[in-house]
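Per-entry structural report
This is what each chain is made of:
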Amino acid sequence: MASLLGWWNRGEEDYGVDFWTSPERAGWLMKQGEHIKTWRRRWFVLKRGKLFWFKESQVTRASRPRGVIPVSTCLTVKGAEDALNKPFAFEISTRTDVMYFIADSEKEKEDWINSIGRSIVQHSRSVTDSEIVDYDSKRTADA
């Protein structure tokens, strides 16, 4: 998980997101600590491809995230009740890490899974503009 969170402890200007206004999704979730595996209630904000978390739900321009996950690093988001033996649990996985979360209800869990899943698709790097090759225009230029 350290690789997932390693870049988050930077200056505010590096977030590139006004996390304090108009989030795509926001709410309370339980999150397991990185080193000490206790469960802590945190306020989560999903916005523009980043999942931030805070100690308090009052998020302002001056708030400092406790952590952030760039969803472009995420491979999957899915239910994890069986893995944790806890209701309303879900997981986010990357190539190297898995993070677990617990929502307050089944509906909240499904809403978070759907929102994060949509964000993963929107921000995936499977094809970028620089990787798209227009073979028709190359032929015309070569002819």
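Residues numbered from 1 in each chain as written. Predicted model: local features only at pLDDT ≥ 70, side-chain atom pairs only at ≥ 80, totals over all residues. Heavy atoms only, no water.

Take the nonpolar core next. In this structure, Leu51, Phe90, Ile92, Phe101, Trp112 and Ile116 are the most contacted members of the largest nonpolar core, which totals 18 residues. Taken together, the elements giving at least two residues each to this core come down to strand 2 (39-47), strand 3 (50-54), strand 6 (89-93), strand 7 (98-102) and helix 3 (106-123). Sequence-distant contacts of Trp112, defined by excluding residues within four places in its chain, comprise Arg25, Ala26, Gly27, Leu29, Phe44, Leu46, Leu51 and Phe90. (Core = buried A, V, L, I, M, F, W, Y, C linked by side-chain atoms within 4.5 Å. Buried < 20%, exposed > 50% of the residue type's maximum accessible area, 1.4 Å probe, protein only. Helix = DSSP H or I, 4+ residues; strand = E, 2+ residues; numbered from the N terminus. Contact = heavy atoms within 4.5 Å.)

Here we take up the environment of Ala83. Among the secondary structure elements, Ala83 is positioned in helix 2 (residues 81-84). A residue is classified by how much of its surface remains accessible, and Ala83, at 53% relative accessible area, is exposed. Along the backbone, Ala83 and Tyr100 are 17 residues apart, and their C-alpha atoms lie at a distance of 9.5 Å.

Here we take up the side chain of Lys31. By the secondary structure assignment, Lys31 is in strand 1 (residues 25-32). The exposure class assigned to Lys31 is buried, which follows from its relative accessible area of 8%. With sequence-adjacent residues up to four places away left out, Lys31 is seen in contact with Thr38, Trp39, Arg40, Phe44, Trp53, Met99, Tyr100 and Phe101.

Let's shift gears to the packing of aromatic side chains. Enumeration according to the criterion identifies 9 aromatic pairs in this entry. Ring centres 5.7 Å apart and planes at 35° place the aromatic pair Phe44 and Trp53 in the tilted group. The same class applies to Phe44 and to Trp53, which are both buried. Three or more aromatic residues joined by ring pairs make a cluster, and in this case those are Phe44, Trp53, Phe90, Phe101 and Trp112. Sitting over the face of the ring of Trp112, Arg25 holds its NZ or CZ atom 5.0 Å from the ring centroid. (Phe/Tyr/Trp six-rings, centres within 6.5 Å; stacked < 30°, edge-to-face > 60°. Lys NZ or Arg CZ within 6 Å of the ring centre and 35° of its normal.)

Moving on, we get to unusual backbone geometry. Positive phi values are uncommon outside glycine, yet Arg48 reaches one of about 45°. Note that Arg48 resides in the loop between strand 2 and strand 3. The backbone of Phe88 sits at a positive phi, close to 65°, despite the residue not being glycine. Assignment of secondary structure puts Phe88 in the loop between helix 2 and strand 6.

In regular strands, side chains alternate between the two faces of the sheet. As judged from the 2 bridges shared by strand 1 and strand 7, these two strands associate in the antiparallel manner. Along strand 7, the bridge assignment pairs Met30 with Ile102. Taken together, the 5 bridges between strand 6 and strand 7 define a ladder with antiparallel strand orientation. The residue of strand 7 that forms the bridge with Ser93 is Val98. Hairpin geometry of strand 6 and strand 7 is characterised by an intervening segment of 4 residues between the two adjacent antiparallel strands. (Pairing = 2+ DSSP bridges.)

Purely spatial values, then, with no claim about function.
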